Structures are given as structure tokens and as C-alpha cells.
Amino acid sequence: MYIVIAGGGKVGFHLAQELLRANNEVLIVEREAARVAQIAEELGDSVVQGDSCEVSTLDAAGVARADLVAAVTGDDEDNLVICEIARKRGVPRTVARINNPRNELLFKRRGIETTVSATQAILGQIEQELPTSDIMIPLLQLASGLELVEMKLPDNSPVVGRSVREILLPSESLISLIVDPGGVPRIPNGDTRLNAGDALVIVTRQESMEWLREAFIGSRHGLDT
Amino acid sequence: MKVLIMGCGRLGARIAWTLDEQGHEIVVMDTNPTAFRRLPASFGGTTIIGNGMDGPALEKAGVEQMDAFMATTQGDNRNYFASQMAKEVYHVSRVLCRIYDPLREELFRDIGLETFSPTSLGARVMVDMLLGKPTPVEVK
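*Asks:* It is not clear to me how the overall build of chain A should be interpreted in this structure. Could you clarify?
*Replies:* Per the secondary structure count, chain A includes 7 helices and 11 strands. Scored against the burial criterion, the 225 residues of chain A give a buried share of 35%. In chain A, 58% of the contacts between residues at least 6 apart in sequence involve partners at least 24 apart.

*Asks:* Can you walk me through the nonpolar core in this structure?
*Replies:* When a protein is soluble and globular, its nonpolar side chains tend to lie buried together. By size, the foremost hydrophobic cluster in this structure holds 71 residues, and its most contacted members are A:Ile5, A:Val69, B:Leu4 and B:Ile5. With 6 residues, the single largest contributor to this core is helix H4 (residues 76–88) of chain A. A:Leu153, A:Ile178, A:Phe216 and A:Ile217 belong to the second-largest nonpolar core, a separate cluster that totals 13 residues.

*Asks:* So what exactly am I meant to see when it comes to helix H3 (residues 76–89) of chain B here?
*Replies:* Since one α-helical turn is 3.6 residues long, residues separated by three or four positions face the same way. Residue and element names in this part refer to chain B. For H3, with 14 residues, the first-to-last C-alpha span of 19 Å sits near the 20 Å given by 1.5 Å per residue. Counting buried positions over the 14 residues of H3 gives 12, a clear majority of the element. Asp 76, Asn 77, Arg 78, Asn 79, Tyr 80, Phe 81, Ala 82, Ser 83, Gln 84, Met 85, Ala 86 and Lys 87 are the residues of H3 that are buried. Once H3 finishes, His 91 follows within two positions and takes phi at roughly 55°, a positive value.

*Asks:* Could you clarify how one ought to interpret the interface of chain B and chain A in this entry?
*Replies:* The figure often quoted for interface size is the accessible area lost as the parts come together. In this complex, chain B contributes 15 residues to the contact, which on the side of chain A involves 15 residues. Of all elements in the fold, only H3 and helix H4 (102–111) of chain B reach the threshold of two or more residues within the side of chain B that touches chain A.

*Asks:* For this particular structure, what's the right way to read the sheet that holds strand S10 (residues 185–186) of chain A?
*Replies:* Backbone hydrogen bonds hold the strands of a sheet together, and the pairing may be parallel or antiparallel. Residue and element names in this part refer to chain A. Strand order in the open sheet made by the 5 strands is S7-S8-S11-S9-S10, with antiparallel pairing throughout. Across the chains shown, the open sheet's two edge strands, defined by having one partner strand only, are strand S7 (136–141) and S10. Pairing geometry for strand S8 (residues 147–152) and strand S11 (residues 199–204), over 6 bridges, is antiparallel. When the sheet's bridge partners are listed, Met 151 is paired in S11 with Leu 200. Each of S7, S8 and S11 is contacted by helix H7 (residues 209–216), which is oriented at about 20° to S8, the strand it contacts most.

*Asks:* What is the right way to look at the confidence of the model for chain B in this model?
*Replies:* Note: predicted coordinates in regions of low pLDDT should not be interpreted at a detailed level. Averaged over every residue, the pLDDT of chain B is 94; the share at 70 or more is 98%. The ipTM, which scores confidence in the relative placement of chains, is 0.86 for this predicted complex, and the corresponding pTM is 0.67.

*Asks:* In this structure, what is going on with unusual backbone geometry? I would like to understand it.
*Replies:* Most peptide bonds are trans, and most residues other than glycine sit at a negative phi. Non-glycine residue A:Asn23 carries a positive phi angle of around 65°. In this structure, A:Asn23 sits in the loop between helix H1 (10–21) and strand S2 (25–30). With 11 C-beta atoms packed within 10 Å, A:Asn23 lands in the exposed category. Phi is positive for B:His91, close to 55°, though the residue is something other than glycine. Relative to the helices and strands, B:His91 is located in the loop between H3 and strand S5 (94–98). Looking at B:His91, the number of C-beta atoms within 10 Å reads 11, which means it is exposed.

*Asks:* Help me understand the packing of H4(A) against H4(B) in this model?
*Replies:* Relative orientation and spacing of two packed helices are given, respectively, by the angle between their axes and the distance between those axes. Interaxial distance between H4(A) and H4(B) falls to 11 Å at its minimum, and their mutual angle equals 75°. When the axis of H4(A) is compared with that of H4(B), the two are roughly perpendicular. Residues A:Glu84, A:Ile85 and A:Lys88 of H4(A) pack against B:Leu107, B:Asp110 and B:Ile111 of H4(B). In the contact of H4(A) with H4(B), the residues fall into 3 nonpolar, no polar and 3 charged.

*Asks:* Just checking my understanding: could you explain the packing of H4(A) against H3(B) for this structure?
*Replies:* Packing of H4(A) against H3(B) leaves a shortest axis separation of 8 Å and a crossing angle of 85°. By the angle between their directions, the pair H4(A) and H3(B) is classed as roughly perpendicular. Contacts from A:Asp76, A:Glu77, A:Asp78, A:Leu80 and A:Val81 of H4(A) reach H3(B) at B:Asn77, B:Arg78, B:Tyr80 and B:Phe81. Residues belonging to the contact of H4(A) with H3(B) are distributed by class as follows: 4 nonpolar, 1 polar and 4 charged.

*Asks:* Just to check I follow, could you spell out the environment of B:Met70 for this structure?
*Replies:* Residue and element names in this part refer to chain B. Position of Met 70 among the secondary structure elements: in strand S4 (residues 68–71). Distance from Met 70 to Val 95, taken between C-alpha atoms, is 5.9 Å for residues 25 residues apart in sequence. Residue contacts for Met 70: discarding those within four places in its chain leaves Val 3, Ile 5, Met 6, Ile 15 and Leu 96.

Reading the values: the criteria
- Residues numbered from 1 in each chain as written.
- Chains lettered and ligands numbered in written order.
- Predicted model: local features only at pLDDT ≥ 70, side-chain atom pairs only at ≥ 80, totals over all residues.
- Helix = DSSP H or I, 4+ residues; strand = E, 2+ residues; numbered from the N terminus.
- Buried ≥ 20, exposed ≤ 12 C-beta atoms within 10 Å, placed from the backbone.
- Contact = placed C-beta atoms within 7 Å.
- Core = buried A, V, L, I, M, F, W, Y, C linked by C-beta atoms within 7 Å.
- Expected span 1.5 Å × (residues − 1).
- Pairing = 2+ DSSP bridges.
- Axes fitted to C-alpha atoms, helices over the stretch in contact; angles between N-to-C directions.
- pLDDT = per-residue confidence, 0-100.
- Parallel < 35°, antiparallel > 145°, perpendicular 65-115°, else oblique.
- Nonpolar A, V, L, I, M, F, W, Y, C, P; charged D, E, K, R; others polar.

See the structure below:
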């Protein structure tokens, strides 16, 4: 993936490091020349100096071919504008860091994904976009503290062809619903066989989610692909 | 007409003053209270200290009852942000926004805001002044 990161502060820098480590093509656009020099020392030519709110800067960064733009400057208004420009240039996915949580609604109305925080949260969101990972989507945290997640079984999933009974789930975990590739929902029983393309709705504990990913999808981490 | 103006700089103050004279109900917001000095002593509208990008401040200014919102601060991005707040969150029916940068202005207009760029307009007017004839308008 080609990812443009607007803003080379702590968030932008660490985000870039992680994404580079996962073999993505990354370009940070940072306004301050001194900060650009600092980043260049660590990340080489993955940084360019410029104001990412300027259409011409983003064009020069090749934003039109970016798969994703992450706007992570310290100013919410700048992040909004950056995402709007990116979308106008046809970028399929834009993620904005919001510094004031109250601004979340506006970004939502504009159809821009947001994250209130730091690197990990942004990474978490981007991860859903990477090849293996749009297959595990957190849906809801239940009042009991349990999580509801949706998981789509890829063709190479280790559990394809097996029955629900054969899968040893962690404690307090349950496959509550299976939606087949045709969109038909079923409540599974022990004999229900799992097929590639099935979407499973699973109740589980937060700490079991990594385990489930490994068991159902096979890769431990979306970014490893 | 009830109008909320964000930014009491030269443009904002001038608009506030003009509309007030015509009998409209005006509220002007600025983060800096000294900005209100630009308004004439005769100004009959309301001034509020606050940031137009802040939901609660907009609500305090009565954004939900407004017929129009105008963003005239010095920051293009701030103006865009506040305009979208007024439009998308508070459903103000007319939202007008000053954007200096012609490229951004065009882009925001495409998105659906009523935008105005003093740069594009000023350039055209000054070129016309110099050449003594109107610049052909691009047809898009």
C-alpha cells in the first residue's frame, strides 16, 4: 500500500515507522524543515517538507495514487481539510486524528474515519484495511465486558471444512451467528460446518481476540502480510 | 434574517455592520475581545467571545436558530471547519465561507459550500483595471 501521512509529529513518525516495517510505501509530509531533517535521519527519503493543507503539496506527494491518507497533525481543522483534499483526489480511504473528541461527529458526517488517539489506535484502524485483516472487525463491547466481533473466513482459514464442535474456543467465547457468503444468517449448532467466506459473529473476551485471529484466519498479525 | 458571523476582522466586522444597518439580527463571534472594536458604536447586534470551531460555543451563540452562518477568520481551514460544523452538525441553511487559497476555495465549492476567494476575485479585478477590459471568464 502507498500511505501518505500528513504531519510528522510523534504520532506521524511512529505510524510511519510501523507501516514501513510492514513493507508499505510511506511518505510523511511535514511543515517544519527542522523536523523534516530529524525524521529524514531515521527514515531516509520517506519524508518531504510541505504544508499538507495545500493542494499542490499533496499533488506533489502523489496523493492521487495513495491507498490511504492519514491526517495526524495537531489541528483538527487541518486534518479535516487534508482528508477532504485527499478524497477529492480519489484516495479510497482517509483516517483523521482528532484532538478534540467533540469533533468526532463532524468527521463522521463528512464520512471520514477518526481516531482520538495515538499511534496504536490509528494502526488498529488501518490494520483493518490490510490484506488479512478486514476479516476481523470489532463490532461492540457488551455491558458484561465481552466483545462482539465479526470474522470473515478466508479461503485458507485453518477452520474451513470443520464443524463448530471440533473447534476448541477459549473460555467465554461463542460463535453466535454465521452469515454465509449468500447473506443467509444461521444460528450454528455443533454440527454446523464452516465454509470459506462465512462471516462469523463471535462473542469473546478482549484477551482472546488474538487467539481467535490466529485460529480462524491463520496470521497472527495483519501487518505481517 | 438571523446571521452568525465567525471572526470580527476587517471583513467580518464590515459584513456585520452592513447587515445590522439593514435591520438584520446579527451575532458576531471572535476569540479576541479587542476585535469587536472594529464595529461601529452604533452596532446593534450581539458580540460573543468564543471559537466558532467549538460546538458548545456555537450553541451559546444560538447557531441552531440562525438563518445563515458566515466564516470570515484569517484561517482557510478554520473557516472550512466551522462552516461544515454549521452545515452538517447544526443544519444552518445558508453557510458562506471566505477562503483565501483559490485552489482550496474551488475544492470546497465542489463539496457544496458557498465559498468566496478574495484572492481570485481580487486578481481578476486588478488585471481588469490594468488592461482596461474584462478578463474572459472561464467556462467550466
